[in-house]
Structure formats: C-alpha cells, structure tokens
Amino acid sequence: MSLQLDFPAVLERWPSFLAGAVLTLELAAFATVLGALLGTLAAVGRGTHNALISGACKVYVETIRNTPLLVQIFLVYFGLASLGLKFSAFTVAVAALTINVGAYTAEIMRAGFEAIPRGQIEAAEGLALSRLQIYWHIILLPAIEKVYPALTSQFVLLMLASSVCSQISAEELTAVANYIQSDTYRAFETYIIVAVLYVILSLVMRAGFWGLGLVLFPRRRRLGTPL
Amino acid sequence: MQQNPSSDSIVSLRDVQKSFGSLRVLDGVSFAVERGEVLALIGRSGSGKSTALRCIDRFEKVDGGEIVVCGHRVDRPDVDLRALRQDVGIVFQSYNLFPHLTIEQNITLAPCAVKGLANSQAKDLARKVLAQVGLEEKLHAYPEQLSGGQQQRAAIARSLAMQPKVMLFDEVTSALDPELTAEVLKVIEQLAADGMTMVMVTHEMGFAKGIADRIVFMHRGKVHETGPASILTSPTTPELTQFVGTGNLKS
C-alpha cells in the first residue's frame, strides 16, 4: 500500500481556495469587530448594579458558552428563516459567530475590568470625570491590555471555528474544500492544502493583532515591554 | 471641642457620623477649614482620620451630620458629585497615576474632558503645573519611568491642573523613603505658601508642625484635641501627649 499524492490536480483549483480563504477572513473580521463590541458591552452590563441587565448578560454568556457553535448557527439560520426573514448565508454566519464570540469576549473582558485597581477609578472620580469618561479613558484600554493575549487567541479560535459555517453553505474555506474534494476525489490533498491555508490565516491574524497592539498600547512600544 | 463652622469656611464638618458595619469610625466629628488654611489631621491608625478626609470628597457616604464643601452639601444624597470634585482636589497615598497615559496626558485628561479646555491650552497648563512641582522634563514620560516621589509630585500636578479650591492629601508620603518624602513635602510647602487651602492626613509630625495652621488630633472616631501647631509641643490631653511622645515628633 503506497501513498500517492497528486497535488497539481487539486492546486489547479487555486482561485476557489483563494476565494474561500478570503471569505473566511472576512467572516472572522466582521465577527471579531462586532463580537468585541458585543462582548465588551455584555461585560460592562454584567458589572452594573441593575439586576435585570446583569442577569440578562449572565444568561447570554452562560447559554452561549454551554452550547455547541454548530447548534447556535442552526438556531440563527432556521430561526430567522421561520420568522420569514431571508438573509444570505454570509450574514447568518457573521451573526452567529458574533453572538458566539461575544460571550467568550465578555468573560475575558470581565476579567480585564476586574483587574483594574480601585484606586484608578477613585483617582478618576476625584478628577470629576463622568462614569462614561472613566470607562472610556481609564478602564477600557488598560483592561484590554491586561487580557490582550487571551482576547486575540479567542479571535483566532473563532476564525478556525468558522469552518462549521460550511454547514449552512457559506462559501468559506472548508465549504470550498468540500466541493473540491468531491469533484476531484483527492480528499487528502485537498484538506492538506486547506490545513496549510488555515495556518497561514492564523499567522496573518496574529500579525494583525500584533500590529494593532502597537497602535493601541503606545506605552508598550515606547518602553519595549513585550505583550 | 465643638466649633461652629463659619459660613465662609471652605470645608465644614458638623457632628459627622460614619460606621462600617458595627464599627463606628466617625463619632460626631466637627471641624472647619477656612480659606487659605492648612489643616493637619493626625492620629493613630484606625482613629478615623482618613475616613474623615474621604468623606469631604464623598468617597465615603456619611450616616449622619452635615458636611459643606465650597457650598456643596456633601452629606445630601442629591449632591452634584462632579461639581463637588471640580472644587476639591485629592491626592492619594498610592499616587494612582494612569499607567497607560504619559504624564502630560494624565494632567490634560480631566481639564479637556471635564472643563472642555482646548488641547493646546491644556498642554500649556500641564507645563505650568509640572513646573510648579519641578518635573517639566517628565512631560512625555510614562508613570512607571518615574520614582515614587516624582509620581506623587506628578499626581499633585494633575490635581492642581483642575484648579481646585481645596486640596486633600491622604497620607501622600507614607509609601516613600525619607529622601523622596522630603521632595514631596517641599512641593506641598510651596502650595501652602501660595495660599492653597489644604487638608492633610499625615504621619509626618515635624512637617505638620511646620506647615499646619491648625492640628486636629483624632482618637477613636472623635476630634480629641484641636488647636494651633503648638499643641504638638504642649498637648493638653494624655492621649495626644502619648501620641506625640512615642517618637512621632522626629522630623
């Protein structure tokens, strides 16, 4: 029994692979930005004294963290459909991924918020800053800075997990691979290429987050402290 | 030891009560601070002096009594906290500079965000207040690049930039070694000479004696003895005698 790999037969489909990879990156980018916003709001909400808001945020976070992503995707997909609302697979995928990563982001950001020393907030209050100004100027960036590695790992994981969006025929990388392997009967080669492409996408995202970190945390850049 | 705070007091506390759970921390505290006056709150740890100071800026809510600060009724639940805190500057033992901002940004943040100062004006202001504390060259440094004494001076400058009518100092030199303590005290002395109204909780008895117009000695949540700085050398109550006699008067 010998292994015979025929990469050229698969690689000639490179435009499809490329399109799939780009779509995966787009999915990840949208869900990361929206999920970061949603998660941060949920983390703030969970910390408020309003029992209704903090309870709602807790239910959201715990529900999402204790159900499979694929089930969440189906719930959004079929849920919207049964309400008579028609959206593209891409939109549904972004929505489901956002809801999913928002819950994990909320937990990570909550840890970041809790790591801000009480004295920082008192000093800001003593300077007459409003609550919103304190969140914006004093808490948010240092909180993100404290959890940045955990946060960015979560977003890379999200990109990898977006492969299950192939199940609702969003034309992302894994869905493309499924077509190609059924066309070419070269499944092993196809998924080797796809795996390599996912590694490249991960590296691209990590490089992006590294660059974003330089912009967000100028003190790190100035003092040369690695993140 | 009760006084009737006069109406032109910058700060006045009358019969202030405060408990943490079953622990009565302030038990009928009254004192007043006039414009331009420097008042030193002294006493043992746990005597209530820091709590009394924090009540002035409403970092603690009082259970009873009356606090008036620059016309704000601080004891009332409807006090406008942001208006109060524009009139009152507070400096903490642990400096509490914002670590992610440069010294300049630390100073300009509140004048821009709260008072709506233009960026260029705020930067001029930052230079001015940093010169006051002798730190002009640290304008673009980050807090962690400064020594403890420099951080505390920067924190004082940050507070000054809001042009408060009264400044509160909560054991601002307790985390510093004697040399750094001296450089911070020098800045505070200069402020006093410039006529700033100040209330300070301090363990530096020599300093309190040199700078304070009035001493309030707190003991078990009450104002136990009060008077001019000379009470430190000739105390009338046995508690203050014991307190200043335990080596606290070394400067």
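This is a predicted model, so every value here is computed, not measured.

### Some thoughts on the sheet that holds strand β8 (residues 197-201) of chain B
Residue and element names in this part refer to chain B.
Reasoning step 1: Strand order in the open sheet formed by 6 strands is β6-β7-β8-β3-β9-β10, with mixed pairing between adjacent strands. Taken across any chain shown, the strands that pair with only one partner, and hence form the sheet edges, are β6 (88-91) and β10 (222-227). In this sheet, adjacent strand axes meet at a mean angle of 20 degrees when their direction is disregarded.
Reasoning step 2: Across 5 bridges, the pairing between strand β7 (residues 166-170) and β8 is parallel. Along β8, the bridge assignment pairs Asp 170 with Val 201.
Reasoning step 3: The strands touched by helix α5 (residues 148-160) within the sheet are β6 and β7, with β6 carrying the most contacts at an inclination of about 170 degrees.

### Focus on the interface of chain A and chain B
Reasoning step 1: The interface of chain A with chain B comprises 20 residues on the first partner and 26 residues on the second.
Reasoning step 2: Together chain A and chain B conceal approximately 2100 Å² of surface at their shared face, both sides included; 61% is due to carbon and sulfur atoms.
Reasoning step 3: In this structure, A:Arg219 engages B:Glu144 in a salt bridge whose closest nitrogen and oxygen atoms are separated by 2.5 Å.
Reasoning step 4: For the interface between chain A and chain B, the tally reads 10 residue pairs in polar contact (both at pLDDT 80 or more).
Reasoning step 5: Of all the elements in the fold, those that place two or more residues in the side of chain A that touches chain B are α6 (118-126), α7 (131-161) and α10 (218-223) of chain A.
Reasoning step 6: A per-element tally of the side of chain A that touches chain B places α6(A) first, with 7 residues.
Reasoning step 7: Residue classes in the side of chain A that touches chain B are distributed as 10 nonpolar, 6 polar and 4 charged.

### A word on the pattern of salt bridges
All names here are of chain A.
Reasoning step 1: Within this structure, the stated rule accounts for 22 salt bridges over all chains.
Reasoning step 2: Arg 13 is the salt-bridge partner of Asp 183, the closest N and O atoms lying 2.9 Å from each other. Of this pair, Asp 183 sits in helix α8 (residues 173-184) while Arg 13 sits in the loop between α1 (7-11) and α2 (14-47), placing them 170 residues apart in sequence.
Reasoning step 3: In this structure Arg 13 comes out as partly exposed when scored by relative accessible area, which is 23%.

The rules behind each value
Residues numbered from 1 in each chain as written. Chains lettered and ligands numbered in written order. Predicted model: local features only at pLDDT ≥ 70, side-chain atom pairs only at ≥ 80, totals over all residues. Heavy atoms only, no water. Pairing = 2+ DSSP bridges. Helix = DSSP H or I, 4+ residues; strand = E, 2+ residues; numbered from the N terminus. Axes fitted to C-alpha atoms, helices over the stretch in contact; angles between N-to-C directions. Contact = heavy atoms within 4.5 Å. Buried area = accessible area lost by both parts, 1.4 Å probe. Salt bridge = Lys/Arg side-chain N within 4 Å of Asp/Glu carboxyl O. Polar contact = N/O pair within 3.5 Å; in protein donor to acceptor, adjacent residues only side chain to side chain. Nonpolar A, V, L, I, M, F, W, Y, C, P; charged D, E, K, R; others polar. Buried < 20%, exposed > 50% of the residue type's maximum accessible area, 1.4 Å probe, protein only.

Spatial relationships are all this shows, so hold off on functional conclusions.
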